[in-house]
Amino acid sequence: MSLRGVRVVELAGLAPGPFCGMVLADFGAQVVRVDRPGSQGDVSRLGRGKRSLVLDLKQPRGAAVLRRLCAGADVLLEPFRHGVMENLHLGPDIMLQENPKLIYARLTGFGQSGSYSKSAGHDINYLALSGVLSKIGRSGENPYAPLNLLADFGGGGLMCALGIMMALFERTKSGKGQVIDANMVEGAAYLSSFLWKTEQMGLWTQPRGQNLLDGGAPFYTTYKTADGRYMAVGAIEPQFYQLMVKGLGLKSDELPPQMSTTDWPEMKKKFAEAFAKKTKEEWCKIFDGTDACVTPVLTFDEVTHHSHNKGRGSFITNEEKHVSPGPAPLLSRTPAVPSVKRDPLVGEHTEEVLKEFGFNQEEIDQLKADRIIENKKMKLNSNL
């Protein structure tokens, strides 16, 4: 795997950080998640391929343990608001002085500077401040966030993983680490570069929900089928649009021109009426294998059984029979090998990890006695 041998210390946080750590683990990095005492674990359920160590960073000796871990690590991934790590005497100035090769990745909502840097927030807030949220929503309705995918995971976790990759690559030439200031606002804004460029070309001149790609166009939206399911239509190019119209049993010469925006509402009604006449399965038989850009809207229960996804092995099942998406992208020579073991219990690997980083048994016993660390093992069922 491409990241084999890379040591990552991930400080436990909410979704974006754990996702970033999981990406690194999927591609071979040794990721140790540092959990807080009393923690119930990773509520995001993104602990695949990681190990867990419980450490009280609020105690000076706990902070000293983390510094010692990072002295032998390649990457520190921390998700706290600006100033938290500095107050614990774990800021980048101290950590990079002790390990000049350390990649210190800071993943926050608003970044390490600016008037919001110490404020709380969530995906919808970051998306709002990036400008992207203003573009998402149906005509005449309030803007709405598409789950918490864009800012948290796209602009946050994935962009942070990219930053870590670039820093690791640069280190092969300079031998030096550096600080990464990854944040969800700028990450989401960067993802929207296409919107900024195309708005200047006139693509987004209409109000929200009335443009080409935001649900305004009748050939780029979803339609309900006879059985209450949905089909997704993305027939933008004229040749694809013609195939879509033909599949619906309509005649192009009896419809307004494709790009007649004033006729889009009426065209939507016609297409909706057509889609409502057949079931999802019937439409799949008509459109599968064509270039009409019409596909079924699959549920999580259906997606793993779809022929395309099955053929590529796009989803994996762990030892607990839980299904999740496999790593992407696919690398031909050093592909990701995601773990199929269960997620780690909080503190399950505390002692094991400390020994790997050079702590002896006496030190570990003392840290345990002083409640600086916790070491929890999975309880076996006595009936087995």
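Criteria and cut-off values
Residues numbered from 1 in each chain as written. Predicted model: local features only at pLDDT ≥ 70, side-chain atom pairs only at ≥ 80, totals over all residues. Heavy atoms only, no water. Helix = DSSP H or I, 4+ residues; strand = E, 2+ residues; numbered from the N terminus. Contact = heavy atoms within 4.5 Å. Pairing = 2+ DSSP bridges. Axes fitted to C-alpha atoms, helices over the stretch in contact; angles between N-to-C directions. Buried < 20%, exposed > 50% of the residue type's maximum accessible area, 1.4 Å probe, protein only. Arc of directions from axis to C-beta. Domains from an automatic or database assignment. pLDDT = per-residue confidence, 0-100. Phe/Tyr/Trp six-rings, centres within 6.5 Å; stacked < 30°, edge-to-face > 60°. Lys NZ or Arg CZ within 6 Å of the ring centre and 35° of its normal. Polar contact = N/O pair within 3.5 Å; in protein donor to acceptor, adjacent residues only side chain to side chain.

## Re the environment of G155
(1) Moving on: Position of G155 relative to the elements: it lies in helix α6 (residues 149–174).
(2) Moving on: Contact partners of G155, with chain neighbours within four places excluded, come to L150, N183, M184, G187, A188 and L191.

## Focus: the sheet that holds strand β5 (residues 103–108)
(1) Moving on: Strand order in this open sheet of seven strands is β6-β5-β4-β1-β2-β3-β12, and the pairing throughout is mixed. Strand pairing shows two members of the sheet lacking a second neighbour, β6 (178–183) and β12 (373–374), which therefore form its edges.
(2) Moving on: As paired strands, strand β4 (residues 75–78) and β5 are joined by four bridges and run parallel to one another. Bridge pairing in β5 links L77 to A105.
(3) Moving on: In the packing of helix α1 (residues 16–26) onto the sheet, contacts are made with β1 (7–11), β2 (30–35), β3 (50–55), β4 and β5, and the angle to β1 comes to roughly 165°.
(4) Moving on: The sheet contacts of helix α2 (residues 60–71) involve β1, β2, β3 and β4, and relative to β3 the element is tilted by about 150°.

## Things to note about the environment of A336
(1) Moving on: Here A336 shows up in the loop between β11 (323–325) and α14 (350–356).
(2) Moving on: With 312 residues separating them in the primary sequence, A336 and L24 have C-alpha atoms 9.4 Å apart.
(3) Moving on: The contact partners of A336, leaving out residues within four places of it in the chain, are M1, D26, F27 and P327.

## Some points on the sheet that holds strand β7 (residues 220–224)
(1) Moving on: If you walk across this open sheet you meet the three strands as β7-β8-β9, and the pairing is antiparallel. A strand with exactly one partner marks an edge of an open sheet, and here the two such strands are β7 and β9 (294–296). The sheet shows a mean angle of 25° between the axes of neighbouring strands, direction not considered.
(2) Moving on: Where strand β8 (residues 230–234) lies against β9, three bridges are found, and the strand directions are antiparallel. In the strand pairing of β9, M231 is matched with P296.
(3) Moving on: Packing of helix α10 (residues 264–275) onto the sheet brings it into contact with β7, β8 and β9, and relative to β7 it is tilted by some 40°.

## What to know about helix α5 (residues 123–130)
(1) Moving on: Within α5, the full set of buried residues consists of D123, Y126, L127 and S130. For α5, the angular spread of the buried residues around the axis is 100°, confining them to a single face.
(2) Moving on: Contact partners of the buried residues in α5: α6, α7 (184–191) and α8 (193–199).
(3) Moving on: Downstream of α5 by one or two residues, G131 has phi in the positive range, about 95°.

## Focus: the domain arrangement of the protein
(1) Moving on: Per the domain assignment, the segments of the protein are domain 1 (7–192 + 319–370) and domain 2 (220–292).
(2) Moving on: In this structure, domain 1 and domain 2 have C-alpha centres spaced 43 Å apart.

## Here's the deal with the confidence of the model for the protein
(1) Moving on: Taken over all residues, the pLDDT of the protein has a mean of 94, while the share at 70 or more is 98%.
(2) Moving on: Low pLDDT, under 50, characterises residues 380–384; the predicted model gives this stretch zero contacts beyond four residues in sequence or across chains.

## As for the packing of aromatic side chains
(1) Moving on: Going through the model one piece at a time under the given rule, you end up with ten aromatic pairs.
(2) Moving on: Aromatic side chains F19 and F153 sit 5.5 Å apart centroid to centroid with 90° between the ring planes, which places their arrangement in the edge-to-face category. In this pair, F19 sits in helix α1 while F153 sits in helix α6, placing the two residues 134 residues apart along the sequence.
(3) Moving on: Between the aromatic rings of F219 and W264, the centroid separation amounts to 5.7 Å while the plane-to-plane angle is 90°, which identifies the pairing as edge-to-face. With F219 in the loop between α8 and β7 and W264 in helix α10, the pair connects residues that are 45 residues apart, well separated along the chain.
(4) Moving on: On the basis of relative accessible area, W264 is assigned to the buried category, the value being 5%.
(5) Moving on: Each residue in the set F219, Y223, Y241, W264, F271, F275, W283 and F287 is aromatic and connected to the rest through ring pairs, giving one cluster.
(6) Moving on: The positively charged end of R7 is found above the aromatic ring belonging to F357, 4.1 Å away from the centroid.
(7) Moving on: The ring of W283 carries the charged tip of K278 above its face, separated from the ring centre by 5.2 Å.

## A few points about α1
(1) Moving on: Of all eleven residues in α1, eleven are buried, a share of seventy percent or more.
(2) Moving on: Downstream of α1 by a residue or two, G28 has a phi angle that is positive, lying close to 110°.

## What to know about the side chain of E351
(1) Moving on: Residue placement: E351 occurs in helix α14.
(2) Moving on: Reaching out from E351, the side chain makes a polar contact with the side chain of K368 at a distance of 3.4 Å.
(3) Moving on: Residue contacts for E351: discarding those within four places in its chain leaves Q361, I364, K368 and N375.

## Some details on the pairing of β7
(1) Moving on: Of the strand pairs in this sheet, β7 and β8 are connected by five bridges, and their pairing is antiparallel. For K224, the partnering residue across the bridge sits in β8 and is Y230.
(2) Moving on: Hairpin remark: β7 followed by β8, antiparallel, with five residues in the connecting loop; positive phi at G228, about 80°.

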